[in-house]
Amino acid sequence: MDVRIDRTWKNLLSDQWEQPYFGYLTDFVREAYRRTTVYPPAGKIFAAFDSCPVDKVKVVILGQDPYHGPGQANGLCFSVADGVEIPPSLVNIFKEIHDDTGAPIPATGNLERWASQGVLLLNATLTVEAHRAASHQGKGWEEFTDAVIRHLNENCSGLVFMLWGNYAIRKGALIDRSRHLVLTSAHPSPLSAYRGFFGNHHFSLANDYLLKQGKEVIQW
């Protein structure tokens, strides 16, 4: 199966393309885009991978599924394109970064600048039907993104995984904590940010760890 994805990822994940679940998933996604409105735009489904090749990954931030409102999802978890109103969860992420590191709060919610520094902004489910949160869960994407995490866990060392909220934290079972730093907390959603996301210091902790690994820090 020909999957349009960054070459480094295409090679690493080659064992997935011929799996039965991936064939079903491909058929489902193609039909969904044909019959209704799906986000992100089809060309952006694998944007997280295209923006951050395997050999550049230093940090993995795991989201749940893409934004389901018009013009929001751009293929990177928590990110929106320039000119799009910054969603509440991302507002809270920027607040925590500011409180944690002193970095100024950006005027844009476009996180491509993080991806270019080695932050893999991965949603567990890579597509969603317009205005129907979680509508593409259970169709195979989770199996694919589990494979991504397993491959990173086994083929890389010294990565930082940021897992926010119970859904993401459950993925932590796939990660060897003797090889990587796993940071967990409440989700940055306004519904839960005050229950442990604010004050988690994940961004300074990540940079401290990267320094110890001899890697360049992320300019958050």
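As a starting point, this report considers the structure included with it. Because the structure is a prediction, the values reported are computed rather than measured. (Residues numbered from 1 in each chain as written. Predicted model: local features only at pLDDT ≥ 70, side-chain atom pairs only at ≥ 80, totals over all residues. Heavy atoms only, no water.)

### What about the overall build of the chain?
Looking only at helices and strands, the chain features 8 helices and 6 strands. Ordered by position in the sequence, the α and β elements of the chain form the string α-α-β-α-β-α-α-β-β-α-β-α-β-α. Relative to a compact globule of 220 residues, whose C-alpha radius of gyration would be 17 Å, the chain shows 17 Å and is just as compact. Taken over the C-alpha atoms alone, the chain extends approximately 45 × 35 × 25 Å along its principal axes. For the chain, the residues scored as buried account for 55% of the 220 residues in total. Contacts spanning at least 24 positions in sequence make up 64% of the contacts within the chain whose residues lie at least 6 apart. (Helix = DSSP H or I, 4+ residues; strand = E, 2+ residues; numbered from the N terminus. Rg over C-alpha atoms; globule rule 2.2 N^0.38 Å. Buried < 20%, exposed > 50% of the residue type's maximum accessible area, 1.4 Å probe, protein only. Contact = heavy atoms within 4.5 Å.)

### Focus on the nonpolar core
Counting residues in each nonpolar core, the largest one holds 68 residues, and the members touching the most others are Ile61, Leu120, Phe144 and Trp220. Each residue touching Phe144, except ones within four places of it in the same chain, is listed here: Leu13, Trp17, Tyr21, Phe22, Phe46, Phe49 and Leu126. (Core = buried A, V, L, I, M, F, W, Y, C linked by side-chain atoms within 4.5 Å.)

### Comments concerning unusual backbone geometry
A cis amide bond links Tyr39 to the next residue, Pro40, at an omega of -5 degrees. With respect to the element layout, Pro40 can be found in the loop between strand 1 (38–39) and helix 3 (47–50). Not every positive phi belongs to a glycine, and Phe78 is a case in point at roughly 70 degrees. Within the fold, Phe78 resides in the loop between strand 2 (59–63) and helix 4 (88–101).

### Quick word on the pattern of salt bridges
Within this structure, the stated rule accounts for 3 salt bridges. Between Arg34 and Glu31 there is a salt bridge, with its nearest N and O atoms 2.6 Å apart. Of this pair, Arg34 and Glu31 both sit in helix 2 (residues 20–35), separated by 3 residues, roughly a single helical turn. Judged by its relative accessible area of 33%, Glu31 falls in the partly exposed class. Across the pair Asp146 and Lys171 runs a salt bridge whose closest N-O atoms are separated by 2.5 Å. Taken together, the residues Asp146 in helix 6 (residues 141–155) and Lys171 in helix 7 (residues 166–171) connect sequence positions 25 residues apart. (Salt bridge = Lys/Arg side-chain N within 4 Å of Asp/Glu carboxyl O.)

### Here's the deal with the pairing of strand 5 (residues 160–164)
Each regular strand displays side chains that alternate between the two surfaces of the sheet. With respect to burial, strand 5 is a largely interior element, 5 of its 5 residues being buried. Of the two faces of strand 5, the one holding Val160, Met162 and Trp164 and the one holding Phe161 and Leu163 are both buried throughout. Pairing of strand 5 with strand 6 (residues 181–185), which is carried by 5 bridges, proceeds in the parallel orientation. Opposite Val160, over in strand 6, you have Leu181 as the bridge partner. A crossover connection joins strand 5 to the parallel strand 6 through helix 7; in handedness this β-α-β unit is right-handed. (Pairing = 2+ DSSP bridges. Right-handed = clockwise from strand over helix to strand, strands pointing away.)

### Topic: the environment of Asp176
Take Asp176: it is sitting in the loop between helix 7 and strand 6. Note: C-alpha distance between Asp176 and Thr108 (68 residues apart in sequence) is 34 Å.

### Things to note about the packing of helix 4 against helix 8 (residues 202–212)
At their nearest, the axes of helix 4 and helix 8 sit 8 Å apart, and the two run at 60 degrees to each other. Comparing their axes, helix 8 and helix 4 come out oblique. Contacts from Ile93, Glu96, Ile97, Asp100 and Thr101 of helix 4 reach helix 8 at His202, Phe203 and Ser204. The residue inventory of the contact of helix 4 with helix 8, partitioned by class, reads 3 nonpolar, 3 polar and 2 charged. (Axes fitted to C-alpha atoms, helices over the stretch in contact; angles between N-to-C directions. Parallel < 35°, antiparallel > 145°, perpendicular 65-115°, else oblique. Nonpolar A, V, L, I, M, F, W, Y, C, P; charged D, E, K, R; others polar.)

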